[in-house]
Every structure is written in structure tokens, then in C-alpha cells.
Amino acid sequence: MKNKKNILVTGGAGFIGSHVVRLLVKKYSSCQIYNLDSLTYAGNLENLSDIESKNNYKFLKLDITEAEAISEAFETYKFDTVVHLAAESHVDRSITDPLAFARTNIMGTLNLLQAAAKLWKADFKDKLFYHISTDEVYGTLGETGLFTETTAYDPNSPYSASKASSDHFVRAYGETYGLPFIISNCSNNYGPNQFPEKLIPLFINNIILEKPLPVYGDGNYTRDWLYVIDHAIAIDLILSEGKLKQTYNIGGFNEWKNIDLVKLLCKQMDFKLGKPTGTSEQLITYVKDRPGHDLRYAIDASKINSELDWSPSVTFEEGLSKTIDWYLNNEAWMEKVTSGDYLKYYKEQYQ
Ligand code: NAD
Ligand code: TYD
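Because the structure is predicted, anything quoted here is derived from the model rather than measured.

Thresholds applied
Residues numbered from 1 in each chain as written. Chains lettered and ligands numbered in written order. Predicted model: local features only at pLDDT ≥ 70, side-chain atom pairs only at ≥ 80, totals over all residues. Heavy atoms only, no water. Helix = DSSP H or I, 4+ residues; strand = E, 2+ residues; numbered from the N terminus. Buried < 20%, exposed > 50% of the residue type's maximum accessible area, 1.4 Å probe, protein only. Contact = heavy atoms within 4.5 Å. Domains from an automatic or database assignment. Buried area = accessible area lost by both parts, 1.4 Å probe. Salt bridge = Lys/Arg side-chain N within 4 Å of Asp/Glu carboxyl O. Nonpolar A, V, L, I, M, F, W, Y, C, P; charged D, E, K, R; others polar. Pairing = 2+ DSSP bridges. Axes fitted to C-alpha atoms, helices over the stretch in contact; angles between N-to-C directions. Core = buried A, V, L, I, M, F, W, Y, C linked by side-chain atoms within 4.5 Å.

### Remarks on the side chain of threonine 222
Topologically, threonine 222 is positioned in strand 9 (residues 222-227). Judged by relative accessible area, which is 6%, threonine 222 ranks as buried. When residues no more than four places from it in sequence are discounted, the contact partners of threonine 222 are Glu255, Trp256, Lys257, Leu295, Arg296 and Tyr297.

### Points about the domain arrangement of the protein chain
Per the domain assignment, the segments making up the protein chain are domain 1 (6-190 + 225-250) and domain 2 (199-222 + 256-296 + 314-338). Taken together, both faces of the contact between domain 1 and domain 2 bury some 1800 Å²; the carbon and sulfur share is 49%. At the junction of domain 1 with domain 2, the criterion picks out two salt bridges. Here glutamate 46 makes a salt bridge to lysine 336, at a shortest N to O gap of 3.3 Å. Looking at the side of domain 1 that touches domain 2, the elements that each hand over two or more residues are helix 3 (91-96) and strand 9. Considering each element in turn, the side of domain 1 that touches domain 2 owes the most residues, three residues, to helix 3. Here the side of domain 1 that touches domain 2 is composed, by residue class, of eight nonpolar, nine polar and four charged.

### As for the sheet that holds strand 9
If you trace the three strands from one edge of the open sheet to the other, you get 7-9-11, paired in mixed fashion. The sheet terminates laterally at strand 7 (188-190) and strand 11 (255-257), the two strands that pair on one side only. Pairwise comparison of adjacent strand axes, ignoring direction, gives a mean angle of 50° for this sheet. By the bridge criterion, three bridges tie strand 9 to strand 11 in an arrangement that is antiparallel. Looking at strand 11, one finds that threonine 222 is bridged to lysine 257. Contacts from helix 7 (residues 228-241) reach strand 7 and strand 9, with the element oriented near 70° to strand 9.

### A short note on the nonpolar core
One finds Leu24, Val83, Tyr130 and Ile304 to be the most contacted residues of the largest nonpolar core, which totals 44 residues. Looking at this core, the elements with two or more residues in it are strand 1 (6-10), helix 1 (15-27), strand 5 (128-134), strand 6 (181-186), helix 7, strand 10 (247-250) and helix 9 (302-308). With seven residues, helix 7 is the single largest residue contributor to this core. With 34 residues, the next largest nonpolar core counts Ile200, Trp256, Leu261 and Met334 among its residues.

What follows is the structure, encoded as C-alpha cells:
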């Protein structure tokens, strides 16, 4: 990659981060890729077991809320590029523990910005702070319309408020100190290695275990779904060709009402598990709604499509089928991440 040598990826042991780290390590053998992660419940180094012995990969077990340690890492490894994904990422958890989201998503991002600004201040040339954010910062849409890069921020959950705040700080460091930055805001991701607190992997696991599928409210909430590898490809493209100070919206052109998505998932699972069609749908259970539940997210991804020639590579049916296959073939991964603390979380959230 042109003029980039020491790339720091934060949150690389998580869902999206692990796909980004794998892509960068394999594609850019002349760059050193550092994966900085504190390994919360959502971080799992097994996600990267296939590339952990590569010469251009190094794992740093550090917490972005610890300012001094972060500053030292910047001094030691002389990162010239930051791809920042580390975050608390689940809306339901942000409702029960908003302060944890402020600490990691806001203060953690500030610590990275401080360390980057300090190390780079003599010369910002060929440096980049690339901040990965979410479409949830835009709040909720009604039945029509799409989020564009100029939609006003209007976050509704502690999670989206903390991400919105971090986006604002990144932009402020650009304007105030000249820090070179790019931000991208992506829609809901799905795919291999996603922690089973999010809708799709949770429901895959519950179908395997023949447990209830807890649909919030009436199930008529809409999300725009993108296969995680297509997000990783978009991140790589923005990293190499994106314009400084720009925002790029990334989405799947793929809106689904939750209940329709769950029915499609049940159908595919019945087929793959050799069960009669309709079996898994019987597990659907309507439960109490999420407070402040955003009605609809949908991304207008025409900017990244026209400027960087990016579009999703798989249809939703294909991506969902690949995702189910991955979970069916990786039962040990699922068992590992759903033992211990997960059981307590599940009980508190759903019972
Ligand atoms: P994830 O929860 O799967 O992974 C987060 C990673 O960050 C984990 O490896 C965790 O250990 C690490 N982490 C958390 N706190 C940390 C800390 N204090 N210090 C160091 N590491 C820490 O999240 P994800 O779904 O992969 O999301 C990654 C990023 O992408 C987040 O910034 C999220 O806001 C954004 N995003 C996610 C989605 C989505 O659908 N999942 C969509 C758009 C944007
Ligand atoms: P989720 O995967 O948590 O992503 P986000 O809240 O960031 O969009 O949820 C996706 C949608 O599925 C959202 O409308 C909430 C809904 N949902 C359920 O109905 N039941 C569940 O158990 C979960 C986790 C989510």
C-alpha cells in the first residue's frame, strides 16, 4: 500500500476487525499490521488463528481507555495509519451500561486521537486516522428515505450517541489540529465470527438448540444488511483510495423487516438441517420491545459506489447461506463464546 508501513487496527479480534486484519495481512505483505485489542467478551483471537503466525502480523493486548499505554504503543511502533474499530458495539448492552460505552467509544477514541496527534504533529504527510462508524448515528428513518453522508446526526441509543460523539471528535481533531482523517458509516453487518448477541448469529444458535427466537415488538423494524467481507473490502478501498476529510456511507442496498429476515433464516436453516419447512418458524416468540428502538435504517451508498466503484459482491440469500454454513461448521467456536459470562448475559437480557 502506497506510503503506508505500520498499520494499526484496533478491535481486530472482534467480528468486523478480524476480517479487516485478515484482508490487510494477506494483501499487504510489505506492511506491518498491528492488531490492538483488549479482548473483551467480544474479542476472540481464534478468529485470526489462520494468520497469527504471519511475519507481518503482531497482536498487542492493550485497552484503548488506558491513555498512557496507548501513547507508548504509538511511540514504540510508529504507526502511520490507524483503522479504528475497537468499540462496545451492542445496543442492548448500551441500554444496561451506558457508561461503559462512553468510556470505550468516546474516551478510548480520544486517547487514540491524542496519541496520533502527538506522534504525527511534526509531519501529517502520509498519515491517516480512519474511523469506522455506524449508520445508527443518523437516528431513525420513517417508512421512506435513505441516510446520505449529509444527513444530520440524531442518535437515539447510548451506543449510537457514543459513536456519534466519537465521530465528532475525529472530525474536530481534523479541523483543529489538522489530523488527516476519514470516517465511514456502515449499515448492519452479518457473517462468520459475529458474536451471538446480535440478531442473526443469536437466532442461528437458538435454531440449532431449538430455543425460542425472541423477536422484539411486532418485528416490523427494518435494517439494511451487508455481508461482513464486503464491508472489509470497502474499508480496504477507502484506506487506499478514500479522500481525506470525507465521510463514506457503506450499505448493502438490502433492506429487510426483522420478521421477514427471521422467516428467511428459518427456511434456510430447516433446509440445511434436513427439517420440514416451517419447523424453525414455530420457535418465533414476540417479546418486549427494545426501549428507543429505531424503526428503520437504510443507507444510500451511491457515493462509495460512484467514487470508489464499490458494491456488495453477494446477494443476501447467498451471504446468509454462507453465514449459516460457517456457524454449522464451527460449533466449537460457538460453544466457546457462549459459555461463562454469556449465560449470565442471556438470562438477564431475555428472561
Ligand atoms: P465487536 O463487538 O464484534 O468487536 C469489538 C472489538 O473491540 C472486540 O474485539 C473487543 O475486544 C474490542 N474492544 C472493545 N473495547 C475495547 C477497548 N477498550 N480496548 C481495546 N479493544 C476493545 O464489534 P464489531 O461488530 O466488529 O464492530 C466493529 C466496529 O464497527 C465498531 O466500531 C462498530 O461501532 C462498527 N460497526 C459495526 C457494525 C455491525 O453491524 N456490527 C456496523 C457498522 C459499524
Ligand atoms: P442487532 O443485531 O442488535 O443490531 P442493531 O440493533 O444494531 O440494528 O438487532 C437487529 C434488529 O433485530 C433490531 O431491530 C433489533 C432486533 N432484535 C430482535 O428482534 N431480537 C433480538 O434478540 C435481537 C438481538 C435483535
